[in-house]
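# Structural overview
Chain by chain, the residues run as shown.
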Amino acid sequence: MRENKKKLLLVFFILSIILSLFFINTPKMLPELEFNILGDQKLFTKDLENKVVILNFWATDCATCIKEMPALTQIHNKYKNDIELIAVAMPYDLPSRVINFKDKNQIPFKIALDSDGKILQKFNKVRLTPTTIITNKNHIIQNTIIGEINYESLDKLISNLR
């Protein structure tokens, strides 16, 4: 009886190692999302085929978010044919403030409102703003940047992914 317990324990241990390796190496995909883009436009994950996707979670009251907007604009302008850059406003951000910020600062890339928090719920690792998530053209998440982006690093990453 004791020998059977040892064998069972060994089998369980080996299976747990195999399963954990499988889950560790499983690429994380961009989930199915519905974006409410300013200007009454809807955008879905499936609309972003063959593009590197950059999701930037931000807020109008976040000083670091505001500080990195010029770098994001540069990235957008340089790679606009190869990437889809979407700035996702946090659920607590008032739509009027987001619209005002976009208009005042002439932001050229898409800004999505997430008033109901459904986009944020799909990314449980987004706890702080800014947080930037970058995928390859197959929508496999390649990098998550928490805090202010570094233009040179992001430029190099996108150049390698496109």
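In case you missed it, the structure is sitting above this.
Described in the following lines is the structure provided in the data block. (Residues numbered from 1 in each chain as written. Predicted model: local features only at pLDDT ≥ 70, side-chain atom pairs only at ≥ 80, totals over all residues. Heavy atoms only, no water.)

The next subject is the packing of aromatic side chains. Under the defined criterion, the tally for this structure stands at two aromatic pairs. Considering the side-chain rings of Trp58 and Phe101, the 5.2 Å spacing of their centres and the 45° angle between planes classify their relative orientation as tilted. Of this pair, Trp58 sits in strand β3 (residues 52-58) while Phe101 sits in helix α3 (residues 95-105), and the two are 43 residues apart along the sequence. Classification of Trp58 by relative accessible area gives buried; the value is 0%. Looking at Phe101, the relative accessible area reads 11%, which means it is buried. One Lys or Arg, Lys46, reaches over the ring of Phe44 and ends 5.5 Å from the middle of that ring. (Phe/Tyr/Trp six-rings, centres within 6.5 Å; stacked < 30°, edge-to-face > 60°. Helix = DSSP H or I, 4+ residues; strand = E, 2+ residues; numbered from the N terminus. Buried < 20%, exposed > 50% of the residue type's maximum accessible area, 1.4 Å probe, protein only. Lys NZ or Arg CZ within 6 Å of the ring centre and 35° of its normal.)

Turning our eyes to something else, we now look at α3. Those residues of α3 lying buried are Val98, Phe101 and Lys102. Axial view of α3: buried residues confined to an arc of 95°, hence all on one face. Exposed residues pointing more than 90 degrees away from the buried face of α3 are listed as Ser96, Asp103 and Lys104. Taken together, the buried residues of α3 touch β3, α2 (63-79), β4 (83-89) and β5 (110-113). (Arc of directions from axis to C-beta. Contact = heavy atoms within 4.5 Å.)

Our focus in this paragraph is the pattern of salt bridges. The final tally for this structure, using the stated rule, is six salt bridges. Of the charged contacts in the structure, one is a salt bridge between Lys78 and Asp155, with a shortest N-O distance of 3.1 Å. Of this pair, Lys78 sits in helix α2 while Asp155 sits in helix α5 (residues 151-161); the two residues are 77 residues apart in sequence, bridging distant segments of the chain. Given a relative accessible area of 15%, Asp155 falls into the buried group. In this structure, Glu84 engages Lys110 in a salt bridge whose closest nitrogen and oxygen atoms are separated by 3.0 Å. Residue Glu84 is located in strand β4, and its partner Lys110 is located in strand β5; the two are separated by 26 residues in the primary sequence. Using a relative accessible area of 11% as the deciding quantity, one classes Glu84 as buried. (Salt bridge = Lys/Arg side-chain N within 4 Å of Asp/Glu carboxyl O.)

Among soluble globular proteins, nonpolar side chains are generally buried collectively. Grouped together as the largest cluster of nonpolar side chains are 46 residues, with contacts concentrated most on Phe35, Leu55, Phe57, Trp58, Ile83, Ile86 and Phe123. The residues contacting Ile86, other than those within four sequence positions of it, are Phe35, Ile37, Leu43, Leu48, Ile54, Leu55, Asn56, Lys110 and Ala112. (Core = buried A, V, L, I, M, F, W, Y, C linked by side-chain atoms within 4.5 Å.)

Moving on: the environment of Tyr92. Mapped onto the elements, Tyr92 comes out in the loop between β4 and α3. The sequence separation of Tyr92 and Asp116 amounts to 24 residues, and the corresponding C-alpha distance is 9.0 Å. With sequence-adjacent residues up to four places away left out, Tyr92 is seen in contact with Ala59, Asp61 and Thr129.

What follows deals with the pairing of strand β6 (residues 131-135). In terms of residue burial, β6 counts as a mostly covered element, since five of its five residues are buried. Alternating positions in β6 separate into two faces, Thr131, Ile133 and Thr135 on one and Thr132 and Ile134 on the other, with burial throughout. As paired strands, β3 and β6 are joined by four bridges and run antiparallel to one another. Paired with Leu55 across the strands is Ile133, a residue of β6. Across five bridges, the pairing between β6 and strand β7 (residues 141-146) is antiparallel. Pairing of Thr131 across the sheet is with Ile146, part of β7. Taking the residues between adjacent antiparallel strands as the criterion, β6 and β7 are bridged by five residues, where His139 takes a positive phi near 65°. (Pairing = 2+ DSSP bridges.)

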